Amino acid sequence: DHDSEKFEQKKDRFYQIAVYLDSIYGEGTVEVEMNDSYYNMRRQIEPVMYVVDRARAAMERLGIPPWELCCVVGNLLDNAMDAAAFAAKPHIHLEVTETLRQVTLTVRNNGATIPAAIRDKLFEPGITTKGEGHGMGLYIVRKTLNARGGDIALRSDGEGTAFSGFVPKAAGGGGNSEFGIRNA
């Protein structure tokens, strides 16, 4: 849930609890620091949601159910928001391209570089940079794309991280510019 109002309510509640505990155990016993940049990312993404609509239209033409697309896009955007939240100027770029042979979805962010030692393992279940209770999203993305004959690749360097997933079209498919997707 990325609702900024709910976040503010939770933040206020944490501060109230901290004040209460400080009154019992002494001033400065509890410190609360909450970073809301993750929730502010939603405001930055909403103006470009038309790209998700383009991805949905392209995937529907490939026969991919909307819930599968939601799973793929949702996991990739969630990861990008988590990664970019700590950048000085968070940036996420979502791009959909359609060629005669495939549809490609790329999500880039300017967060920290993913360590080389775990890049190849990130698509395995339970492998994560986020801590316990995570590590299924990229596995699910890869399984979903693989089931449709596609795959996903990762590039991570000093300029950020990009995940590019593709799904091939059936023989004889072609790009359709009426949806605003770049044809090649």
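A quick note: this is a predicted structure, and the numbers were derived from the prediction, not measured.

Looking at the pattern of salt bridges
And step 1. Tallied over the full model, the rule gives 5 salt bridges.
And step 2. Taking the shortest distance from any N to any O, the salt bridge between Glu68 and Arg148 comes out at 3.2 Å. A residue pair is termed long-range when its members are at least 10 positions apart, and Glu68 in helix α4 (residues 66-84) and Arg148 in the loop between α6 (137-147) and β3 (151-157) qualify at 80 residues.
And step 3. The class for Arg148 is partly exposed, based on a relative accessible area of 33%.
And step 4. Put simply, Arg142 and Asp151 hold a salt bridge, and the shortest N to O gap is 2.9 Å.
And step 5. By relative accessible area, Asp151 is classed as partly exposed at 27%.

Side note on the sheet that holds strand β1 (residues 92-98)
Across a sheet, paired strands are connected by hydrogen bonds in the backbone, their directions being either parallel or antiparallel.
And step 1. Taken in spatial order, the 4 strands make up an open sheet running β1-β2-β4-β3, and their pairing is antiparallel. Each having just a single partner strand, β1 and β3 make up the two edges of the open sheet. With direction set aside, neighbouring strand axes in the sheet form an average angle of 15°.
And step 2. Pairing analysis gives 7 bridges linking β1 to strand β2 (residues 102-109), with the strands arranged antiparallel. Bridging across to β2, Glu98 finds its partner in Val103.
And step 3. Along the sheet, α4 makes contact with β1, β2, β3 and β4 (160-168), crossing β2 at roughly 20°.
And step 4. Strands in contact with α6 are β3 and β4; relative to β3, the strand with the most contacts, it is inclined by about 140°.

With respect to the packing of aromatic side chains
And step 1. On inspection of all chains with the given rule, the structure shows 1 aromatic pair.
And step 2. Taken together, a centroid distance of 6.2 Å and an interplanar angle of 80° make the contact between Phe123 and Phe163 edge-to-face. Remark: Phe163 occurs in strand β4 and Phe123 occurs in the loop between α5 (116-119) and α6; sequence separation between them is 40 residues. For the pair formed by Phe123 and Phe163, the shared burial category is buried.
And step 3. Here the basic side chain of Arg142 rests over the ring of Phe123, its NZ or CZ set 4.1 Å away from the ring centre.

Rules used throughout
- Along each chain, numbering runs from 1 in the same order as the chain's sequence is written.
- Reporting in this predicted model follows two pLDDT cut-offs: at least 70 for local features of residues, and 80 or more for side-chain atom pairs to be given and counted; totals over whole chains, interfaces and linings ignore these cut-offs and use all residues.
- Excluded from the side-chain calculation are hydrogens and water; included are all heavy atoms of the structure.
- In the sections that follow, a salt bridge refers to a side-chain nitrogen of Lys or Arg positioned within 4 Å of a carboxyl oxygen of Asp or Glu.
- Secondary structure elements follow DSSP: runs of H or I of four or more residues count as helices, runs of E of two or more count as strands, with numbering from the N terminus.
- Relative accessibility under 20% of the residue-type maximum defines a buried residue, over 50% an exposed one, and the middle range a partly exposed one, all with a 1.4 Å probe and only protein chains included.
- When DSSP finds two or more bridges between a pair of strands, those strands are recorded as paired.
- Lines fitted to C-alpha atoms define the axes, with helix axes restricted to the stretch in contact, and inter-axis angles between N-to-C directions lie between 0 and 180 degrees.
- In what follows, a contact means two residues having at least one pair of non-hydrogen atoms within 4.5 Å.
- Stacked, tilted and edge-to-face pairs are distinguished by plane angle, under 30 degrees for stacked and over 60 for edge-to-face with tilted covering the rest, among Phe, Tyr and Trp rings (Trp via its six-membered ring) whose centres lie within 6.5 Å.
- In our convention, an over-ring charge means Lys NZ or Arg CZ found within 6 Å of a ring centre and within 35 degrees of that ring's normal.

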